[in-house]
Amino acid sequence: MMVDERWMRLALEEAKKAFLKDEVPIGAIAIVGDEVIARAHNLKETNHDATHHAELLLLQECARILGRWRLTDVTIYATIEPCIMCMGAMSHARIKRLVYGARDEKFGGAHSLYQIAHDERLNHRFEVEEGILADEASQIMKDFFKRKR
């Protein structure tokens, strides 16, 4: 648990970068073994691209750095429960594990709306851990949307 909190704090740093860019503050990092492989945060507004979620940008960067699309040894830390698009991409990338902070009741594809990582109809399943630094992850989202209104 302490290791997960350590990595989640780095994902929260990415979320803060998104917040400062007026992006929905979601951050993610990728770990292999005990090393950070890649970092990303939402860039939908900046890049005018609905697919530029932190997790998708992270998967792309991991594939580039590692030179492969099969990410079977990668653990992803995301501040907020990934959406169904991102969960589908993680399944396609064959990630090892996902750890996230707070649930996303409107778009979440790990627990809230769907359980993509555990769907036996899909050919790849992976471990999911939720609730790591959930209060911090939730608070930055609340602060962002409060500022928007």
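Figured I'd write up the structure that's included with this text. (Residues numbered from 1 in each chain as written. Predicted model: local features only at pLDDT ≥ 70, side-chain atom pairs only at ≥ 80, totals over all residues. Heavy atoms only, no water.)

Brief notes about the sheet that holds strand E2 (residues 35-41)
No. 1: Taking strand neighbours across the sheet as the criterion, the 5 strands line up as E2-E1-E3-E4-E5 in an open arrangement whose pairing is mixed. Two strands bound the open sheet, and with one partner strand each, they are E2 and strand E5 (127-130). Neighbour-to-neighbour, the strand axes of this sheet turn through a mean angle of 15 degrees, independent of strand direction.
No. 2: Bridge analysis of strand E1 (residues 27-32) against strand E3 (residues 74-80) gives 5 bridges, and the strand direction is antiparallel. Each bridged residue has a counterpart across the sheet, and for Ala28 the counterpart in E3 is Ala78.
No. 3: Together, E1, E2, E3, strand E4 (97-102) and E5 form the strand contacts of helix H1 (residues 2-20), whose direction differs from that of E1 by roughly 140 degrees.
No. 4: In this fold helix H3 (residues 54-66) packs onto E1, E2 and E3, with an angle of close to 140 degrees to the strand it touches most, E2. (Pairing = 2+ DSSP bridges. Helix = DSSP H or I, 4+ residues; strand = E, 2+ residues; numbered from the N terminus. Axes fitted to C-alpha atoms, helices over the stretch in contact; angles between N-to-C directions. Contact = heavy atoms within 4.5 Å.)

Describing the environment of His124
No. 1: One can find His124 in the loop between E4 and E5.
No. 2: Between the C-alpha atoms of His124 and Arg94, which are 30 residues apart in sequence, the distance is 6.3 Å.
No. 3: For His124, the residues in contact, after removing those within four places along its chain, are Ser91, Arg94, Ile95 and Ala117.
No. 4: Polar side-chain contacts of His124 include one of 2.8 Å to the backbone oxygen of Ile95. (Polar contact = N/O pair within 3.5 Å; in protein donor to acceptor, adjacent residues only side chain to side chain.)

Regarding the packing of H3 against helix H4 (residues 84-93)
No. 1: At a closest axis distance of 9 Å, the pairing of H3 and H4 adopts a crossing angle of 20 degrees. The orientation of H3 relative to H4 falls into the category roughly parallel. Viewed along their axes, H3 and H4 form a crossing whose handedness is left-handed. In contact with Glu55, Leu56 and Leu59 of H3, H4 contributes Met85, Cys86, Ala89, Met90 and Ala93.
No. 2: In terms of residue class, the contact of H3 with H4 is made up of 7 nonpolar, no polar and 1 charged. (Parallel < 35°, antiparallel > 145°, perpendicular 65-115°, else oblique. Left-handed = near helix turned anticlockwise from the far one by under 90°. Nonpolar A, V, L, I, M, F, W, Y, C, P; charged D, E, K, R; others polar.)

Notes on the pairing of E4
No. 1: Taking burial as the measure, the 6 residues of E4 include 6 buried ones, the bulk of the element.
No. 2: For E3 and E4, the ladder comprises 5 bridges, and the chain directions are parallel. Each residue of the ladder has a partner; that of Tyr77, found in E4, is Val99.
No. 3: Pairing of E4 with E5 involves 4 bridges; the strand directions are parallel. Bridge pairing in E5 links Leu98 to Val128. (Buried < 20%, exposed > 50% of the residue type's maximum accessible area, 1.4 Å probe, protein only.)

Examining H3
Two residues of an α-helix separated by three or four positions point the same way, owing to the 3.6 residues in each turn.
No. 1: Taking 1.5 Å of rise per residue, the 13 residues of H3 would be expected to cover 18 Å, and the 18 Å separating its terminal C-alpha atoms lies within 8% of that figure.
No. 2: Listed in full, the buried residues belonging to H3 are Ala54, Glu55, Leu56, Leu57, Leu58, Leu59 and Cys62.
No. 3: For H3, the secondary structure elements touched by its buried residues are E1, E2, E3 and H4.
No. 4: Just past H3, the residue Gly67 takes up positive phi, approximately 75 degrees. (Expected span 1.5 Å × (residues − 1).)

Side note on the layout of surface pockets
No. 1: Taken as a whole, the largest pocket encloses approximately 660 Å³ of empty space.
No. 2: Val24, Asp104, Phe107, Met141 and Phe145 are the residues nearest the centre of the largest pocket, which is lined by 22 residues in total.
No. 3: In terms of residues, the lining of the largest pocket owes the most to one element, helix H5 (residues 134-148), which gives 4 residues.
No. 4: Looking at the lining of the largest pocket, its residues break down into 8 nonpolar, 3 polar and 11 charged. (1 Å grid on protein atoms, 1.4 Å probe; cavity = no way out; pocket = protein on both sides within 12 Å on 5 of 7 lines; lining within 4 Å. Points joined across faces, edges and corners; volume = space filled by probe spheres on them.)

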